[in-house]
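Next come the chains, spelled out residue by residue.
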Amino acid sequence: MDIYQSSSVGRVRLPESLSRLLREKKGKVVAVVALTTTQTVFGLGTVYLKWTLSFTAVHPMVLALYRDVLAGLIFILITARLGRPQKKHIVHFLGAGFCLFLNQVLFIVGVDLSGAMVATCIQPSQPIITFIVAVLIGQEKIDLNRLLGLTLSVVGAVWVVLGDAFLSNANVLVKSLLGDVCLVANCAAMAVCYILVKALVSSYSPVVVIAYTYASAVVPLVLTTPFFIKSNDDWVVPKLALPTLAFLVLVVSVLGYSTISWSSKHLDSSQVSAFTCLQPLVGSIGAAAFLKEEANVQKIVGGVLITLGLLVSVVEKHSRYQPWIPGLHGSKPHIKN
């Protein structure tokens, strides 16, 4: 078989391996740009969400429900002709969907309780938690850089939480700490979702993966939301909150998560989650500018420590990450030293 290929007559033919390498390189560059844009939008979206929750009577759980139901319907319509998950992968889609459900609900509740700035400072712990999960299932080994990065990030997250504990008055202390716990759990859920999505895109179209992951997330949300609703009026979304709902559905959910799913096909899970480090910068600037939240020393130092840990443990060693999920892939992959 000819190892050379050309796109048209008269053009220089490149070796197939080199052509493939160039396509992969281009895909990675596009993924980096797309994820940078997506995480910047997510950071600004956090500020927009906090403003909406502060100045309207919309219930955060109802907002999350309508967001997921509408986005799920759009995803299913888009993928109607692209196929469905095989039975052997149903568990993986359900697992990814449940993690996405936890991620979105805990984030909305966490932002409501703790604030947009704290939320954005804690978000970069997602890649670190991804590494922890990867180690637990045998995907990676922890070296000195990884251990240092994990330590810095954990200290940074704890510092943000302790900052709330020491600086808050008695009336808001419990509320702030509960919000911090929700935000940390939100990061853990998304870390597991990244790993499952990365594994699934090797067998399905990225759009199909995110569509059925989202559909799986809607089911537990529909079942649990009524337990948080105290009045029938809570089911109504105020007119002032409708633009926020549209933004969450079309920009954050459909475009944002489609970008993340597509990028997972070109980058490792740890690389995809690494872009959350942009959220503290964008979110903190936005919260200080539009919400008048104070950028105290604890929040700034915590965000810096988390980001430093991210750089030490993710950026330098990201090429070693090779996802493997029991039941989805065969034998464990060989991890290069």
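In this text, all values refer to a predicted model and were calculated from it rather than measured experimentally.

**Considering the overall build of the chain**
Item 1. Helix and strand counts for the chain come out as twelve helices and two strands.
Item 2. Overall, the chain shows an N-to-C arrangement of helices and strands of β-β-α-α-α-α-α-α-α-α-α-α-α-α.
Item 3. In the chain, buried positions account for 50% of the 337 residues.
Item 4. For the chain, the share of sequence-separated contacts (at least 6 apart) that also reach a separation of at least 24 residues comes to 86%.
Item 5. Summing over all exposed atoms, the chain offers an accessible surface of approximately 16,400 Å²; the carbon and sulfur share of this is 69%.

**What about the packing of helix 2 (residues 60–78) against helix 8 (residues 206–224)?**
Item 1. Between helix 2 and helix 8, whose axes approach to 8 Å, the crossing angle comes to 145 degrees. Judged by the sense of rotation from one axis to the other, the crossing of helix 2 with helix 8 is left-handed. Residues Met61, Ala64, Leu65, Arg67, Asp68, Val69, Ala71, Gly72, Phe75, Ile76 and Ile78 of helix 2 touch helix 8, and the partners they reach there are Val207, Ile210, Ala211, Tyr212, Tyr214, Ala215, Ala217, Val218, Leu221, Val222 and Thr224.
Item 2. The residue inventory of the contact of helix 2 with helix 8, partitioned by class, reads 18 nonpolar, two polar and two charged.

**Quick notes on the environment of Phe101**
Item 1. Take Phe101: it is sitting in helix 3 (residues 90–114).
Item 2. Judged by relative accessible area, which is 7%, Phe101 ranks as buried.

**Some details on the environment of Val237**
Item 1. With respect to the helices and strands, Val237 occurs in the loop between helix 8 and helix 9 (242–263).
Item 2. Here the alpha-carbon distance between Val237 and Ala57, two residues 180 residues apart in the chain, equals 8.1 Å.

**Points about the packing of helix 3 against helix 8**
Item 1. Two elements in contact, helix 3 and helix 8, have axes separated by 7 Å at closest approach and are oriented at 60 degrees. Relative to helix 8, the element helix 3 lies oblique. Between helix 3 and helix 8 the crossing geometry is right-handed. Of the residues in helix 8, those in contact with Phe93, Leu94, Ala96, Gly97, Phe98, Leu100, Phe101, Gln104 and Val105 of helix 3 are Val208, Val209, Tyr212, Thr213, Tyr214, Ser216, Ala217, Pro220, Leu221 and Thr224.
Item 2. Grouping the constituent residues of the contact of helix 3 with helix 8 by class yields 14 nonpolar, five polar and no charged.

**Quick word on helix 9**
Item 1. If you check helix 9, its first and last C-alpha atoms are 29 Å apart, about what 22 residues at 1.5 Å a residue would give, namely 32 Å.
Item 2. At Leu248, helix 9 shows its largest kink, close to 30 degrees.

**What to know about the packing of aromatic side chains**
Item 1. In the structure shown here, the tally under the stated rule is nine aromatic pairs.
Item 2. A centroid spacing of 5.9 Å and a plane angle of 40 degrees characterise the contact between Phe42 and Tyr257, whose relative ring orientation is tilted. Here Tyr257 lies in helix 9 and Phe42 lies in helix 1 (residues 16–55), a separation of 215 residues in the sequence.
Item 3. With a centroid separation of 6.4 Å and an interplanar angle of 80 degrees, the aromatic rings of Phe93 and Tyr212 are classed as edge-to-face. Of this pair, Phe93 sits in helix 3 while Tyr212 sits in helix 8, and the two are 119 residues apart along the sequence.

**Here's the deal with the side chain of Thr56**
Item 1. Its location among the elements puts Thr56 in the loop between helix 1 and helix 2.
Item 2. Under the relative-accessibility criterion, Thr56 is labelled buried at 14%.
Item 3. A distance of 2.5 Å separates the side chain of Thr56 from the backbone oxygen of Thr52, its partner in a polar contact.
Item 4. Dropping the residues within four chain positions of it, Thr56 is found in contact with Pro238, Leu240 and Ala241.

**A word on the confidence of the model for the chain**
Item 1. With 70% of its residues at a pLDDT of 70 or more, the chain has an overall mean of 75.
Item 2. The weakest mean pLDDT in the chain belongs to strand 1 (residues 4–5) at 45; the strongest belongs to helix 9 at 90.
Item 3. Within the model, pLDDT remains below 50 along residues 1–9, and this stretch shows 15 contacts once partners closer than five positions in the same chain are excluded.

**Here's the deal with empty space enclosed by the protein**
Item 1. Across all of its chains, the model carries two cavities of 30 Å³ or more by this definition.
Item 2. Here the second largest cavity is characterised by a volume of approximately 50 Å³.
Item 3. Contributions of two or more residues to the lining of the second largest cavity are made by helix 7 (170–200), helix 8 and helix 9.
Item 4. Ranked by residue count, the leading element in the lining of the second largest cavity is helix 7, at four residues.
Item 5. Looking at the lining of the second largest cavity residue by residue, the class counts come to eight nonpolar, one polar and no charged.

**Points about a nonpolar patch on the surface**
Item 1. On the surface, Ile300, Val304 and Leu308 cluster together into a nonpolar patch covering about 250 Å² of accessible area.
Item 2. By the element assignment, Ile300 lies in helix 12 (residues 297–315).
Item 3. In this structure Ile300 comes out as partly exposed when scored by relative accessible area, which is 46%.

Quick notes on the rules
- Residues numbered from 1 in each chain as written.
- Predicted model: local features only at pLDDT ≥ 70, side-chain atom pairs only at ≥ 80, totals over all residues.
- Heavy atoms only, no water.
- Helix = DSSP H or I, 4+ residues; strand = E, 2+ residues; numbered from the N terminus.
- Buried < 20%, exposed > 50% of the residue type's maximum accessible area, 1.4 Å probe, protein only.
- Contact = heavy atoms within 4.5 Å.
- Areas by Shrake-Rupley, 256 points an atom, 1.4 Å probe, with all protein chains shown as cover.
- Axes fitted to C-alpha atoms, helices over the stretch in contact; angles between N-to-C directions.
- Left-handed = near helix turned anticlockwise from the far one by under 90°.
- Nonpolar A, V, L, I, M, F, W, Y, C, P; charged D, E, K, R; others polar.
- Parallel < 35°, antiparallel > 145°, perpendicular 65-115°, else oblique.
- Expected span 1.5 Å × (residues − 1).
- Bend = angle between axes of the 7 residues up to and from the residue.
- Phe/Tyr/Trp six-rings, centres within 6.5 Å; stacked < 30°, edge-to-face > 60°.
- Polar contact = N/O pair within 3.5 Å; in protein donor to acceptor, adjacent residues only side chain to side chain.
- pLDDT = per-residue confidence, 0-100.
- 1 Å grid on protein atoms, 1.4 Å probe; cavity = no way out; pocket = protein on both sides within 12 Å on 5 of 7 lines; lining within 4 Å.
- Points joined across faces, edges and corners; volume = space filled by probe spheres on them.
- Patch = residues over 30% accessible without salt bridge, like charges linked within 9 Å, V, L, I, M, F, W, Y side chains within 5 Å.
- Salt bridge = Lys/Arg side-chain N within 4 Å of Asp/Glu carboxyl O.

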